[in-house]
Amino acid sequence: MPTTAVRPADHAMATGAAGTPGGPMPAPTGAAGDSPPADQSANTATAHAGLALLPAVQPDLALTDDQRLVADHALRMVMERYLNDRRNPQRLQQLDDHLQRRLPAGAATEAQALAARYDRYLATHATLLAAQNFGDDPDLHRLARWQAQRRQLRERLLGAEVADQWFGTEDAYLEQALAEAREPAPKSARASARATTEEERLHAQHMREVIDAAIGRAPR
C-alpha cells in the first residue's frame, strides 16, 4: 500500500486531530522539544550527553494512505536512539512520548507496542550474546548457529515481516562473510603476486566488521 512520510513540516497536520528506528544503524536525534527532560539523574544525564552530538535532522516516519504504521528502517533508527541507552530506565517511556508526538493516534499505538517488543528483544539479545562468549577468534560454525538463533528470536518478538525489513540485509551480509571466511575465494598466481587492490581491501574490512558486529565486538 502507498506510504506517506510524517516530515517535520507535516507534523502539525499529522498530529492536529488525534495527536501523537540491527553492520550498526546510525542513530538520529529528536526534533526540538523531543529531547529527554533535563531533570534526570546524573547517570542518565551523562548517558544522554552523547545525543547532542548526533545529527539534528531525524528520519521521516512513514505511514500508509490509511494512516497505518510502516515499520521501516527510519522507525528502527528512531527507536534505537532511545532504546540503545540501556542505562536509562526511562528510555521506553521517553520513546513512547516521542512517538505520541510524531504520529497519529492509531499509528502511535502500533509503534509503542513494537517499541516494547524491540526493547525486550535488545535485552534478551544482550543476555544470549554474552552467554555465547565468542572471544576474538569465533568458531564459524557456532557463529552460524548463533545467527539462526538470533533470527528466530527476532521473528518471535518482532514478527517475521519486521525482522526481515530491519535485519534482512545484515543477515545476508553475515551469511556472505561466513561463507567467505570458511572458503576464501581462490586467487590466480597473477593475483597473488600483485598487491591487494583498494576495493579488495575495503571488501575484506567490511566482511570483518560484519562478523565483529554479529559477536558484539568493537570494529578493529
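Every value quoted in this text rests on a predicted model; they were computed, and no experiment measured them. (Residues numbered from 1 in each chain as written. Predicted model: local features only at pLDDT ≥ 70, side-chain atom pairs only at ≥ 80, totals over all residues. Heavy atoms only, no water.)

Trainee: It is not clear to me how the overall build of the protein chain should be interpreted in this structure. Could you clarify?
Mentor: A tally of helices and strands in the protein chain yields nine helices and two strands. Helices and strands in the protein chain line up, N terminus first, as β-α-α-β-α-α-α-α-α-α-α. For the protein chain, the computed accessible surface area is about 12,400 Å², with 55% contributed by carbon and sulfur atoms. (Helix = DSSP H or I, 4+ residues; strand = E, 2+ residues; numbered from the N terminus. Areas by Shrake-Rupley, 256 points an atom, 1.4 Å probe, with all protein chains shown as cover.)

Trainee: What's the story with the confidence of the model for the protein chain in this structure? I'm lost.
Mentor: Note: predicted coordinates in regions of low pLDDT should not be interpreted at a detailed level. Averaged over the protein chain, the pLDDT score is 76; the fraction of residues at 70 or greater is 66%. pLDDT under 50 marks residues 7–33. Its contacts with residues more than four places away, or in other chains, come to 70 contacts. Counted against residues more than four places away or in other chains, residues 35–57, with its pLDDT under 50, gives 28 contacts. (pLDDT = per-residue confidence, 0-100. Contact = heavy atoms within 4.5 Å.)

Trainee: Honestly, the side chain of aspartate 72 in this entry has me stumped. Any pointers?
Mentor: Summarising the element assignment, aspartate 72 is placed in the loop between β2 (61–64) and α3 (73–83). The side chain of aspartate 72 sits in the buried core without any salt bridge; arginine 102 is the nearest counter-charge, 9.9 Å away. Reaching out from aspartate 72, the side chain makes a polar contact with the backbone nitrogen of leucine 75 at a distance of 3.2 Å. In this structure, aspartate 72 is in contact with Ala62, Gln165 and Trp166, ignoring residues within four places of it in sequence. (Buried < 20%, exposed > 50% of the residue type's maximum accessible area, 1.4 Å probe, protein only. Lys, Arg positive; Asp, Glu negative; His and termini not counted. Salt bridge = Lys/Arg side-chain N within 4 Å of Asp/Glu carboxyl O. Polar contact = N/O pair within 3.5 Å; in protein donor to acceptor, adjacent residues only side chain to side chain.)

Trainee: Just checking my understanding: could you explain helix α6 (residues 140–158) for this structure?
Mentor: An α-helical turn contains 3.6 residues, so a residue and the one three or four places further along point in the same direction. Taking 1.5 Å of rise per residue, 19 residues should cover 27 Å, and α6 covers 26 Å from first to last C-alpha, within 8% of that figure. Those residues of α6 not exposed but buried are Leu143, Trp146, Gln147, Arg150, Leu153, Arg154, Leu157 and Leu158. For α6, the buried positions fall inside an angular range of 130° around the axis, keeping them on one side. Facing away from the buried side of α6, by more than 90 degrees, are the exposed residues His141, Arg145, Gln152 and Arg156. Looking at the buried residues of α6, the elements they touch are α5 (105–132), α7 (160–182) and α9 (198–214). N-capping of α6 is provided by aspartate 139, with a side-chain oxygen placed 3.1 Å from the backbone N of histidine 141. Of the residues flanking the end of α6, it is glycine 159, one or two places downstream, whose phi is positive at about 95°. (Expected span 1.5 Å × (residues − 1). Arc of directions from axis to C-beta.)

Trainee: Where do I start with the nonpolar core in this structure?
Mentor: For soluble globular proteins, the rule of thumb is that nonpolar side chains tend to be buried together. By size, the foremost hydrophobic cluster in this structure holds 25 residues, and its most contacted members are Leu75, Met79, Leu95, Leu99, Leu103, Tyr118 and Trp166. Of all the secondary-structure elements, those providing two or more residues to this core are β2, α3, α4 (91–102), α5, α6 and α7. No other element matches α5, which puts eight residues into this core. In this structure, Trp146, Leu174, Met207 and Ile215 belong to the second largest nonpolar core, which totals twelve residues. (Core = buried A, V, L, I, M, F, W, Y, C linked by side-chain atoms within 4.5 Å.)

Trainee: Help me out: how do you make sense of the environment of glutamine 165 in this one?
Mentor: Note that glutamine 165 resides in helix α7. Sequence separation of glutamine 165 and aspartate 72 is 93 residues, and the distance between their C-alpha atoms is 6.4 Å. Aside from chain neighbours lying at most four places away, what touches glutamine 165 is Ala71, Asp72 and His73.

Trainee: Would you explain the pattern of salt bridges in this entry?
Mentor: Pairing between side chains of opposite charge can happen when the charged atoms of each approach one another. Under the defined criterion, the tally for this structure stands at nine salt bridges. The residue glutamate 80 makes a salt bridge to arginine 76 at a minimum N-O spacing of 2.7 Å. Separated by four residues within a single helix, glutamate 80 and arginine 76 lie in helix α3, roughly one turn from each other. Accessibility assignment for this pair places glutamate 80 and arginine 76 in one class, buried. Arginine 151 is the salt-bridge partner of aspartate 171, the closest N and O atoms lying 3.7 Å from each other. Of this pair, aspartate 171 sits in helix α7 while arginine 151 sits in helix α6, and the two are 20 residues apart along the sequence. Owing to a relative accessible area of 26%, arginine 151 belongs among the partly exposed residues under this scheme.

Trainee: Where do I start with the packing of aromatic side chains in this structure?
Mentor: Here a ring pair, both rings aromatic, is described through the centre-centre distance and the interplanar angle of the planes. Under the definition given, this model contains five aromatic pairs. An angle of 55° between the planes, with centres 6.4 Å apart, marks the rings of tyrosine 118 and phenylalanine 167 as tilted. Of the two residues, tyrosine 118 is situated in helix α5 and phenylalanine 167 in helix α7; the sequence distance between them amounts to 49 residues. Exposure remark for tyrosine 118: the relative accessible area of 1% places this residue in the buried category. By relative accessible area, which is 1% here, phenylalanine 167 ends up buried. Ring centres of tryptophan 166 and phenylalanine 167 lie 6.4 Å apart, and the angle between their planes is 70°; this geometry places the pair in the edge-to-face category. Each member of the pair, tryptophan 166 as well as phenylalanine 167, is classed as buried. Through successive ring pairs, a cluster of aromatic residues spans Tyr118, Tyr121, Trp166 and Phe167. (Phe/Tyr/Trp six-rings, centres within 6.5 Å; stacked < 30°, edge-to-face > 60°.)

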